[in-house]
Structure formats: structure tokens, C-alpha cells
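One-letter residues, chain by chain:
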Amino acid sequence: MRYLDKEAIENIAIGAAFLGTGGGGDPYIGKLMALSAIEKNGPVRLYTVDEVEDEDFFIPAAMMGAPSVLVEKFPRGDEFVKVFQKLANYLGKDKIAGTYPMEAGGVNSMIPIVVAAQLNLPLIDCDGMGRAFPELQMVTFHLDGIPATPMAITDEKGNIGIFETIDNKWTERIARAATVEMGASSLVSLYPTTGAQIKKSGVHNIITLSENIGAIISLKDRDPNEKLEELLNLVSGYELFQGKIIDVIRETKGGFNLGKMALEGIAENKNENMKVHFQNENLIAEKDGQVVAMTPDLLCLVDYETLLPVTTESLKYGKRVRVLGLPAHEKWRTEKGIETAGPKYFGYDYDYVPIEELVKKVVAKHV
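Let me sum up the structure you'll find in this document. As a convention, each chain's residues are numbered from 1 in the sequence order in which they are written. The predicted nature of this model means local features are confined to residues of pLDDT at least 70 and side-chain atom pairs, given and counted, to a pLDDT of 80 or more, with totals for whole chains, interfaces and linings taken over all residues. Side-chain measures here rest on the full set of heavy atoms in the structure, leaving out hydrogens and waters.

**Brief notes about the packing of aromatic side chains**
Part 1: Any Phe, Tyr or Trp ring, taking Trp's six-membered ring, that has another such ring centre within 6.5 Å forms a pair; planes under 30 degrees apart are called stacked, those over 60 apart edge-to-face, and the others tilted. Going through the model one piece at a time under the given rule, you end up with four aromatic pairs.
Part 2: Taking the centre distance of 6.2 Å and the plane angle of 35° together, the rings of Phe141 and Tyr191 count as tilted. Of this pair, Phe141 sits in helix α5 (residues 140-143) while Tyr191 sits in the loop between β9 (185-189) and β10 (193-194), and the two are 50 residues apart along the sequence.
Part 3: The buried label applies to any residue whose accessible area, calculated with a 1.4 Å probe on protein chains only, is under 20% of its type's maximum; exposed applies above 50%, and partly exposed to all values in between. Accessibility expressed as a relative area gives 0% for Phe141, which makes it buried.
Part 4: Put simply, the rings of Tyr100, Phe141 and Tyr191 touch in pairs and so form one group of aromatic residues.
Part 5: Sitting over a ring, as applied to charges here, requires NZ of Lys or CZ of Arg to be within 6 Å of the ring centre and within 35 degrees of the ring normal. Lying over the aromatic face of Phe133, Arg131 brings its terminal NZ or CZ to 3.9 Å of the ring centre.
Part 6: Its end group placed over the ring of Tyr304, Arg322 keeps NZ or CZ at 4.2 Å from the ring centre. Helix numbers and strand numbers start at the N terminus; a helix is a DSSP run of H or I with at least 4 residues, a strand a run of E with at least 2.

**Thoughts on the sheet that holds β9**
Part 1: Criterion used throughout: strands pair if DSSP finds at least two bridges between them. Across the sheet, which stays open at both edges, the four strands sit in the order β4-β9-β7-β8 with antiparallel pairing between neighbours. Among the strands making up the open sheet, the edge pair consists of β4 (62-65) and β8 (160-163). Shown here is a sheet whose adjacent strand axes are inclined to one another by a mean of 30°, direction ignored.
Part 2: By the bridge criterion, three bridges tie strand β7 (residues 151-154) to β9 in an arrangement that is antiparallel. Residue Ala152 lies in a different strand from β9, and its bridge partner there is Ser189.
Part 3: Along the sheet, helix α6 (residues 168-181) makes contact with β4, β7, β8 and β9, crossing β4 at roughly 80°. Note on method: axes are straight lines fitted to C-alpha atoms, helices fitted across the in-contact stretch only, with angles between N-to-C directions ranging 0 to 180 degrees. For this analysis, residues touch if any pair of their heavy atoms sits within 4.5 Å.

**Overview of the packing of helix α3 (residues 79-91) against helix α4 (residues 111-119)**
Part 1: Running from N to C, α3 and α4 cross one another at 75°; their axes reach a closest spacing of 9 Å. Put simply, α3 runs roughly perpendicular to α4. Contacts between α3 and α4 pair Phe80, Val81, Phe84 and Gln85 from the former with Ile111, Val114, Val115, Gln118 and Leu119 from the latter.
Part 2: All residues other than Ala, Val, Leu, Ile, Met, Phe, Trp, Tyr, Cys, Pro, Asp, Glu, Lys and Arg, Gly among them, are scored as polar; the first ten of these are nonpolar and the last four charged. When the residues that make up the contact of α3 with α4 are grouped by side-chain class, the tally is seven nonpolar, two polar and no charged. To sort the angles, those under 35 degrees are grouped as roughly parallel, those over 145 as roughly antiparallel, those from 65 to 115 as roughly perpendicular, and the leftovers as oblique.

**A look at the sheet that holds strand β5 (residues 123-124)**
Either a parallel or an antiparallel arrangement is found when strands of a sheet pair, and the pairing is made through backbone hydrogen bonds.
Part 1: An order of β1-β2-β5 is seen for the three strands of this open sheet, with the pairing classed as mixed. In this open sheet, the two strands that pair with only one neighbour each are β1 (2-4) and β5.
Part 2: Where strand β2 (residues 44-47) meets β5, two bridges bridge the pair, whose relative direction is parallel. Bridge pairing links Leu46 to Leu123 in β5.

**Some remarks on the environment of Met182**
Part 1: Turning to its location among the elements, Met182 is positioned in the loop between α6 and β9.
Part 2: Here the alpha-carbon distance between Met182 and Asp155, two residues 27 residues apart in the chain, equals 6.4 Å.

**As for the pattern of salt bridges**
Part 1: Whenever Lys or Arg places a side-chain nitrogen within 4 Å of a carboxyl oxygen from Asp or Glu, that contact is recorded as a salt bridge. On inspection of all chains with the given rule, the structure shows 18 salt bridges.
Part 2: A salt bridge links Arg222 to Glu226; the nearest nitrogen and oxygen atoms lie 3.5 Å apart.
Part 3: Residue Arg222 is classed as partly exposed on the basis of its relative accessible area, which comes to 33%.
Part 4: Exposure remark for Glu226: the relative accessible area of 44% places this residue in the partly exposed category.
Part 5: With a closest N to O distance of 3.2 Å, Glu305 and Arg320 form a salt bridge. Of this pair, Glu305 sits in the loop between β17 (298-303) and β18 (320-326) while Arg320 sits in strand β18, and the two are 15 residues apart along the sequence.
Part 6: One connected set of salt bridges, linked through shared partners, spans Asp155, Glu156 and Lys157.

Shown next, in the form of C-alpha cells:
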């Protein structure tokens, strides 16, 4: 067990936004909420997965919807605890042993910190994705057959309810419809789990990994190339492209940020082009018409100089970025993982190919 102070939260917000692959919400908004919570209530305890008891009970909390909405539709502040307590009361659990993030993302890694601080609960060093995905069934607990419901949902107006569904895909469909009516964003608490289920099905040490990523990106007076090398070594990643955003097509539809961006190569990639497709999160990258990364592997955009993560709602013409690719957690590379969050699920007619193999093909093509 260790405590998360302000510096830790600053780094986690950056690192989680990086792992969020463009989604998961604005890290600045999430960081402000978490910092305010620990300033008022004190540091949050972070437990490793090995420190939890198998029979203990845990509930995550998260935001659902289009991340861009948060720019104008700011949370009131008490929704996170309300939705958490609503589910705990419905389940008849007198004692909740802790909470954890459902995914990595600038907001969704911060919301459980707010809940933990306000309710004096420990935070568990795990999540259900190892990255961010746009739909509720796209979690590693689903891959192991754990139900998403009972689930609680609320908004900043005070509307609140409980869903019980026949399967996790129906959870997504019904909750998405409610989220759209709530203004394209809501707060949810779902996938109530035991310590044993977390140990078996969660992605472990994701908060610590986020903190370490953020610490590298936050280094001052370091050459960007040195920082990049250290970052890529930490996450076993690849630099796929250096470019300037020259076009963004984006819309908020059905509770998602949908779109694609076009990049014009700079520096090492001058005279080359890239397209990146996204649905909240970045999904597919095509370099000069050839796919170089695809979901469920991670596709991360960072500022060309600072390496700060660039989320899909902040994309704008002229911004210079680096496009990085990371291998997904092994659970996503299973048959069910690819079926759940692979390219064909999102409507792209590609068979999943691991990023390691795609990178080799691109290198071989240019030799």
C-alpha cells in the first residue's frame, strides 16, 4: 500500500490520458477533480491487486459518453459518489472494500480517485481494459463472462437509476440510449466484482504504469527524442509517424465522438501521409494507404515537442504530433478479445494483425 499525493495524481492523469488512446476524457478536467478531492479529504491509499482479499467486494465508477461534451457539460461533483452508493445500496452490500477505474483515460482514471477520497476507500491498482474503449462490454471482465449489471447510472441533473440486463451488449445499448438523453454524458457504476475476480480478470498495475508514463512525459529540460526513447522502452511501443494535422472530420453521434483525421508528414516522414480513424478512441492508422496499427492495439497521439497526450476532442488543424503504437494486453489478443474490440467489430474489413508484425512489414517495404 502507498499513498497518492498531488504529484502522483498529476502524473497519473497524463499517463492515463496517454493510454486512453485519444479517449477517456480531458486529463485537465479529471486532474482538477481529483486534486480537489484529495486536498479536501487527504491522500488516497493505493493497494496492489495482491493486497486485496478474494472475498472482498469492489465497485468501479466511470463516465460514459462523448468526451467532447465535458468541455461544456462540466460535472457537478457529487455524481460519482451518488452513483457508487446507489449500486452499493441496491446490492445490499454494507461494506465496499474499494474502487478502481474501468479504463485508462484522463477523466476515467480520475473519477475513482474522487470516489476513494470522498468515501475514504482504497483505490486498487488495476482496471478493466489497460487502455480505453468506447463501449461497456469492451472490458476484460466481459471476456471472462462477468456481467456488467446490476449497473447504476446518473447525470448532473440528479436523474438516477439501476439497470439489469440479459447480457453485456444489452447493457451497452440501453445505457447508451439513456446517456444520449442525459446530454451525451453520464456517470456509471458497473461490473461489481470480488477480489478473486479482479485478480483473475483485471489488468494489473495500470495506475502505477500510468504514473510512470506521466513522470517521463513531465520531465523538464530533456531532449524530446531522449524522452521518447525512454517512453517507448517503458511501454514496448513504436513511433509510427511524425506529422501535422491537416484535416479533421468529427461529429458527436449516438453518445460517441466519431471521425477521422489526416496528417501530413514532417521531419522523418516528410512527403508521406497518414489517416487515423477514431470512435472516442483512435482505432486504425493508415500510412500512405497501408495499415500500420489497428485496434485492439493502442494508437496514441502525443504533442511533437512535449509528448503530452492529444485527445480526440482536442484535435485541430496545424497541430504537430507524433503517432505512437503499443501492443494491447494479452487478453485482447485472444479470439474473444479480437471479436469484442477488433477492427471488424468497428466496421473495418481487416483481419487483426499485431502491431509488431505490421511494423515489420512497413520496414521491409522500405528496405
